[in-house]
Each structure stands twice: as C-alpha cells, then as structure tokens.
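# Summary of structural features
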Amino acid sequence: MADPKRAEFADLLREDRSFSPPPEFTARAVVRDDRIYAEADRDPEAFWARFAGELEWSRRWDTVLDWQPPHAKWFVGGKINASVNCLDRHVRGPRRNKAALIWEGEPGDRRTLTYFDLFRQVSAFANVLTSLGVRKGDRVAIYLPLIPELAISMLACARIGAVHSVVFGGFSAESLRDRINDSQCRVLITADGGFRRGQIVALKQVADEALADTPSIENVVVVQRGHAEMPVHIKEGRDHWYHRLMQDASYKCDPEPMDAEDMLYILYTSGTTGKPKGIVHTTAGYLVGTYATTKLVFDLREDDVYWCTADIGWVTGHSYVVYGPLANGATVVMYEGAPDWPKKDRFWSLIETYGVTVFYTAPTAIRAFMKWGTEWPKKRDLSSLRLLGSVGEPINPEAWVWYYHFIGGDRCPVVDTWWQTETGAIMITPLPGVTTLKPGSATRPFPGIAAEIRNERGEKVDVGGGLLALTRPWPSMLRGIYGDPERYVRQYWNKWGSGVYVTGDGAKRDADGCFWLLGRVDDVINVAGHRIGTMEVESALVDHPGVAEAAVVGRAHEIKGQAIAAFVTVKEGTHATKDLADVLKEHVVKKIGAIARPDDILFTADLPKTRSGKIMRRLLRDIAEGKALGDTTTLADPAVVAKLKANYEEEYG
Ligand code: WT7
C-alpha cells in the first residue's frame, strides 16, 4: 500500500502494545472485575439462569439445561415470547416513550419509533399476519431493505409464534427462491425497493422473479418504501400493500406463549457444500444469549445510543440490531445505505447527529475508512462515542489501532467479537471494563463459554495454533439445520466426539490465554465480512453453458479481507475471452447476488488435481496470492500448476 496517508498514522503501528481499560470506564461499567469468569465457570447453568431471570416469562423453566450431546434443550418447561421481552416489558415502565429505533434512510429521510410506537406497530402487523392465515410454527420469508418494517416484521412473527426467515436484500431471485422453498414459507414480506448509493434497488421485481417458482407462498406483503417511484406489479389476490393492511389492523394482539425450545427463526448461511443451510434458532436460549452478551459486551446504560451497522439480513443484525439491544431496552440507530453516500463521512455524520455512544462495525468498513483518509472523521464531532466494536472477520492490528485512535479518540475500548450465525451470540470477546486489549485478538471466551484450540488429532493446545472448538453447550447455540438433522451432527459435532463443537475457524492461543482468530479452515470464504461458500460460486459458474469446470478460492485482499478468485476451464468450442470473464462474473451475480461476484477469473486448460482427482485449492490460493508454491508432490501433473501460476501472474500480478 503505497499510500501517502499511511504516514499520518505510521507511528501507531506498534503491534505489541496492549490497552488496559480506562479507570473511568471501569468505574461505571456493567462488569467491573473479572470474578464473573470464575463464577460462570463454577456453575455455567446458574450463570445463564441469572440472565434468564432478568427476562419476562409466562411460565418459568423447570430445568436450565438438558444436554444429550449434540442436542441441547435450554430452559426446559419455560414459556416465553421474544416480542414481549423486546417491547411489552419496556412499554409498561419508564421506557414507554424512549426511542427504540432511530432510523435514517439513505436519501436522508428519518423516522424515530418509541418503544410504544414499535409495540403498536408490531402488534398491528402481527394481527395482519394472522388475518393472512399465518399460524404458530408457519414460516414467513422477509426480503426487505434496512427499514423499520424489517424489525417490525420479525417481531410480529415472534409475537404470534411464526418462524421468520430473513433473506438479505442483496441476494438474487434464485437465492430467495431456494430459501423460500427450502423452508416452505407461506408468506413473503418485501418492499417496492430500497436505496443503495443513490440507486433504487427494485426488490419487488426481484421477488416477482422468485415468486414464479415458490408454490408454498400464499400471500405477499409489499411495503412502500417512500415517495420515490418504484415500479411495482401487484398480483391481485396474492399481493397486498403493507400500509393498506395496517390501516384497519388493531394494535391489541395477545402474544403467543412460546415453548422455550420453539423455533424463533431460520437464517441461511453458506457452508462447505453448494447449498446454503438453514440455521435454526429457538426462542428462550437465543434471547438469553443475545440479551446477556449485549448487556455485558456493549456495557449498555439507559442513556446509550447504540449503533450496529450490520444489515439485518445477517445474523449480526438479528442478534445485535434487533433482539439483543431491544431486549435490553436500548435506543438503536438504523441506517439504510452505504457508508460513502453521498460522501465518505456518512457514518461519522450519523454518529454526530444522533450522539451515538456505542458503535459496532466490521473490519472491512474500517479498512475502507483508513483508505479514504482521516479528513472524513476529523470533520465530525465523534466525542459522544464511548465504546467501539468489531465483528465479522479478523481485524488486523493496523486497522484496530486506527479505529481506536481516529474514531475512538484513544478513549474508547474496542471489543473485537468473534462468533458465527450458528453460535447466535458473541462467544469470544473482551469485556470492556475488565479486559486488557491486544489489537488483533478477540481475547477471551465470554463468561460461561468454553473454547479451546485443538490440533487435528483433537488434542488440546494450550499455547499455539490449531482449530477453534467450543467444548460446552451455550444457550444461543443453533439447534439444527432446517430439514437436515443428520447434517447438523456431521457438520459440527462429529470431529472429536459428540460434545465438541467444531467452528471451522483456525486460531491460536497465546501465553496469556488470549485467542487470535485466523480465518476459516474449510471451503468457506469471508468477503467483506460476508460468508460465501466456494462450492456455491463454483456451482454458479458451471451452471453457465460454456463452463466445463471451476475451482474457487479466497485470496487475501487489502480491504475486503478476502477476494474471490475463480479458475475456470471452458468447454470445447467456447472461447476464453475477457468478455466471457465478464459474462461469468455477471452470471454469478445473477445466480447468487452481488456479494459473490468473483474478483478474478482465470481461464485454464487444466486444474491441479491430486491423483485421486481432488482439486487442490490450497495451491490455487497460493497462486492467487502470488506466493511460492507449497508441496506439489501429490499432484497428478505438477506442470499444470506451474503453467497456471505463470498465467495468473501475467493476468493479475
Ligand atoms: C465467521 C462467521 C458473527 C457475525 C458475523 C459473521 C468470522 C466473525 C470474527 C472476528 C475473526 C471472525 C469467522 C466465523 N468471524 N467474527 N471477530 N474475528 N473472525 O457471521 O456469517 O456466520 O460468519 O466469521 O470466520 O467463522 P457468519
């Protein structure tokens, strides 16, 4: 990076420093000393039950945990409703008129919903869903931009016991269709469109394409995003405008008392096969996990203004835009659009405007801000901030230190939080009033969580590198993969005996017991904090009639963490041209969504394979990263690799 702006913070790049919590932070923190770790370790069930006891139940649980590895039931016998805990509980007390959601649309439109507003809208929409025939246990797909109706829809589902399945608005029609069909959703909630970098994303049009082949959908609810004219086709009898349905809906809706283990939602995520899996979360444990982690990791106080920049289409938005902060009665900022629209200070302007105190974002964003230069944050008053968070990918110490200094003004602890869609809540993280921070390390497991590094043989590594495993169940853990109970066991619990959860991440543990996350060790890549399966992209590529074979790898990328490199062999009679490369990139976008667009496509006559015919992705990664090649002795034809490497360097080197 030959960037002149680098000089500005070159003196900050000493990576061996550590940062103890400022005493004035600790003095007011939710957790002020580290006894909580020992307490939780002594009796993890009692620890979690303490947080469960802070929530509202319609029937208290009988047993905290029933663990038949790898199947867990938490708070057995309890009855609870998530929307009650996010809304009714607050509306009855002094938070009634507190801002629950402060929303800003990309064009600059604003809406603030108090807890009472949100309660009324959720209840009304819950009644709408019931009037459309949605019953407890039915699945409802949600395909919306980041607007308040997204949170309203989720909580309305939770209120009546319907299972929501949110699909990120950037996914393609095919991706939406497959997700709807996999879980047989009865209703789809979508919008005419949304805004992204000044452009209108015509969501309903994409949804219409999906709806051509989703027989389980009986009704579609369409939110009108705003004044802008967005082209919408309304199919009589099936499609209904949200605002029309809401007009006469009553806002009195008795919540469904849900069994602790009733399903709350399904969220699809990429795995090591071509087909995304529907991760299942249940009601009570998920709520307890997100409630407790939000409270302790983000150190929430009554007057905080909390902003997590994630889209609700990902798990971060589910846990830390909706359920965790609302269960805590926090004021949540939501912003619809891009960080560089209309200018590169949009995030900082939002922090200034709303007085954000706790800010949670991804390393990709931080690295982009670094590249754009410090003049953007310097233009804005960021003095309201008191705590910063990072999530989604490993944060390099350089980005950590930049974030700490230029955004946090050297006064805000940075919590680097490691977790996954499957874990439901934060697993490895500092506690900001307690933990000494090391840039680049997520530090230690959250109280009550047991994490270990293991080598391939499953032996525990006290100091050193290996695979990250979780060795004790936790309340917000996934309960399964929708429709595929066998894959749940095989994918996560089969490597080292049925009580050990395999994360798919590599990590190391240092002599102080701090964890350093090193990225995925499986065929999952992390592009700009978005999880993508290499096999999914490969399937999308070979779906094109000109492609014979494709191998996809993640290569290191300065901003996005990883970029997608695809090695493609074409069929006889197809010409491997630059135009074809562009066509193939668009083909992947069409099949999956823009997040999966390959950065590099390299045509090749052959792919490096082992003698047993397995594509050697490790070698392809080395090629894409311009590294010296590792061991090629098991290759069927080492010349293939040498040739590939030469071609790649010519094309992208
Ligand atoms: C994968 C999970 C969990 C929220 C968003 C992503 C990577 C996540 C960190 C972190 C290093 C991280 C891991 C993990 N990851 N947070 N703080 N440091 N890596 O959820 O889409 O399920 O992806 O994201 O590789 O396995 P996800």
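Every chain's residues receive numbers from 1 upward, in the order its sequence appears when written. Local features in this predicted model are restricted to residues whose pLDDT is 70 or higher, and side-chain atom pairs enter the listing and the counts only when it is 80 or higher, whereas totals over whole chains, interfaces and linings include all residues. Calculation of side-chain values draws on the structure's entire complement of heavy atoms; hydrogens and water are dropped beforehand.

Attention now moves to the overall build of the protein chain. For the protein chain, the count of helices and strands is 20 helices and 31 strands. Note that the radius of gyration is over C-alpha atoms, with the globule rule given as 2.2 Å times the number of residues to the power 0.38. Scaling as 2.2 N^0.38, a compact globule of 653 residues should have a C-alpha radius of gyration of about 26 Å, and the protein chain matches this with 24 Å. Taking the principal axes of the C-alpha coordinates as reference, the protein chain spans close to 70 × 60 × 55 Å. A simple rule labels every residue: compare its accessible area, found with a 1.4 Å probe on the protein chains alone, to the largest value its type can have, and call it buried under 20%, exposed over 50%, or partly exposed in between. Every one of the 653 residues in the protein chain was classed for burial, and the buried ones make up 61%. Should any heavy atoms of two residues lie within 4.5 Å, those residues are counted as being in contact. Counting only contacts in the protein chain whose residues sit at least 6 apart along the sequence, the fraction spanning at least 24 positions is 71%. Per-residue and other accessible areas follow the Shrake-Rupley method at a 1.4 Å probe size, with only the shown protein chains counted as cover for residues. If you sum the accessible surface of the protein chain, you get close to 24600 Å²; carbon and sulfur atoms cover 49% of it. By definition, any uninterrupted DSSP run of H or I lasting at least four residues is a helix, any uninterrupted run of E lasting at least two residues is a strand, and each is numbered from the N terminus.

It is worth spelling out the sheet that holds strand 14 (residues 263-269) at this point. Between any two strands, at least two bridges found by DSSP are needed for them to pair. Strand order in this open sheet of 8 strands is 12-11-8-6-7-14-15-24, and the pairing throughout is mixed. Strand pairing shows two members of the sheet lacking a second neighbour, strand 12 (239-241) and strand 24 (480-481), which therefore form its edges. Pairing analysis gives 2 bridges linking strand 15 (residues 277-282) to strand 24, with the strands arranged antiparallel. Within strand 24, the residue paired with I279 across the bridge is I481.

This part takes up the confidence of the model for the protein chain. For residues with low pLDDT, the predicted coordinates do not support detailed interpretation. In this model, the protein chain carries an average pLDDT of 95, and 97% of its residues clear a pLDDT of 70 or more. Overall, residues 1-7 carries pLDDT values under 50, and its contacts beyond four positions in sequence, including any with other chains, amount to 10 contacts. The pLDDT value expresses, per residue, how confident the predictor is, ranging between 0 and 100.

All right, on to helix 16 (residues 485-492) then. The complete set of buried residues in helix 16 reads R487, Y488 and Y492. Within helix 16, the buried residues cover an arc of 110 degrees as seen down the axis, which keeps them to one side. On its buried face, helix 16 is in contact with strand 2 (71-76), strand 15, strand 24 and strand 25 (501-509). The reported arc concerns the directions from the helix axis to the C-beta atoms and nothing else.

Whether a residue is near a molecule or strand depends on its heavy atoms: if one lies within 4 Å, it is near. Near the ligand you find 16 residues, and of these D416, T417, T421, D505 and R531 are the closest. At a separation of 2.6 Å, an oxygen atom of the ligand approaches a polar side-chain atom of D505. Pairs of N or O atoms are called polar contacts if they sit within 3.5 Å, as long as, within protein, a hydrogen donor faces a hydrogen acceptor (for residues adjacent in sequence, only side-chain-to-side-chain pairs). One of the side-chain N or O atoms of R531 is found 2.7 Å from an oxygen atom in the ligand. Bound to the protein, the ligand loses 96% of the 550 Å² it would expose on its own. Looking at the shell around the ligand, the elements that each hand over two or more residues are strand 20 (414-417) and strand 26 (515-520). Throughout this entry, Asp, Glu, Lys and Arg are counted as charged residues, while Ala, Val, Leu, Ile, Met, Phe, Trp, Tyr, Cys and Pro are counted as nonpolar. The remaining residues, Gly among them, count as polar. In terms of residue class, the shell around the ligand is built from 5 nonpolar, 6 polar and 5 charged.

The element strand 19 (residues 387-391) is largely enclosed, with a buried count of 5 among its 5 residues. By the alternation rule, side chains of strand 19 split into L387, G389 and V391 and L388 and S390, which are all buried. Where strand 18 (residues 358-361) meets strand 19, 4 bridges bridge the pair, whose relative direction is parallel. Looking across to strand 19, one finds that F359 is bridged to L388. We call a crossover right-handed when, viewed with the strands running away from us, the connection from the first strand over the helix to the second turns clockwise. Handedness of the β-α-β unit built from strand 19, helix 15 (residues 397-407) and strand 20 comes out right-handed.

Stacked, edge-to-face and tilted are the three classes for Phe, Tyr and Trp ring pairs, Trp counted by its six-membered ring, which pair at centre distances within 6.5 Å; planes under 30 degrees apart are stacked, over 60 edge-to-face, the rest tilted. Under the definition given, this model contains 44 aromatic pairs. Ring centres of F19 and Y404 lie 4.7 Å apart, and the angle between their planes is 55 degrees; this geometry places the pair in the tilted category. Highlighted residues: F19 in the segment before helix 1 (23-28) and Y404 in helix 15, separated in sequence by 385 residues. Seen in terms of ring centroids, Y488 and W493 are 6.2 Å apart; in terms of plane orientation they differ by 55 degrees. Their pairing is tilted. W493 carries the same exposure label as Y488, and that label is buried. Of the aromatic side chains, those joined through ring pairs into one cluster are W307, Y335, F347, W348, F359, F369, W372 and Y403. The side chain of R444 reaches across the aromatic face of Y37, ending 3.7 Å from its centre. Here, over-ring charges are defined by two tests on the NZ atom of lysine or the CZ atom of arginine: distance to the ring centre within 6 Å, and angle to the ring normal within 35 degrees.

A few words on the environment of I217. Tracing the chain through its elements places I217 in the loop between helix 8 (203-211) and strand 11 (219-223). Accessibility expressed as a relative area gives 9% for I217, which makes it buried. The spatial distance from the C-alpha of I217 to the C-alpha of L188 is 6.8 Å, given a sequence separation of 29 residues. Beyond its immediate stretch of four places on either side in the chain, I217 contacts I180, C185, R186, V187, L188 and L211.

With that settled, the discussion passes to the environment of E24. Mapped onto the elements, E24 comes out in helix 1. Through-space distance from the C-alpha of E24 to that of D192 is 48 Å; in sequence the pair is 168 residues apart.

Further remarks concern the pattern of salt bridges. Whenever a carboxyl oxygen of Asp or Glu lies within 4 Å of a side-chain nitrogen of Lys or Arg, that contact is scored as a salt bridge. For the coordinates displayed, the defined rule picks out 53 salt bridges. In this structure, R95 engages E302 in a salt bridge whose closest nitrogen and oxygen atoms are separated by 2.8 Å. With R95 in the loop between helix 4 (82-91) and strand 4 (99-104) and E302 in the loop between helix 10 (283-297) and strand 16 (305-308), the pair connects residues that are 207 residues apart, well separated along the chain. A relative accessible area of 22% places R95 in the partly exposed class. One salt bridge in this structure joins K495 and E456, with 3.1 Å as the shortest N-O distance. With K495 in the loop between helix 16 and strand 25 and E456 in the loop between strand 21 (451-454) and strand 22 (460-461), this residue pair connects regions lying 39 residues apart in the sequence.

Attention shifts here to the nonpolar core. By nonpolar core we mean a set of buried residues, namely Ala, Val, Leu, Ile, Met, Phe, Trp, Tyr and Cys, connected to one another through side-chain atoms within 4.5 Å. Ranked by internal contacts, the top residues of the largest apolar core, which has 125 residues, are F75, L118, F125, F298 and Y323. Within the second largest apolar cluster, 40 residues are counted, among which are L176, I180, C185 and A566.

Looking now at unusual backbone geometry. In this model, P69 is joined to P70 through a cis peptide bond whose omega is 0 degrees. As for its placement among the helices and strands, P70 is situated in the loop between strand 1 (63-68) and strand 2. With an omega of -5 degrees, the peptide bond running from W341 to P342 counts as cis. Within the element layout of this structure, P342 appears in the loop between strand 17 (331-335) and helix 12 (346-354).

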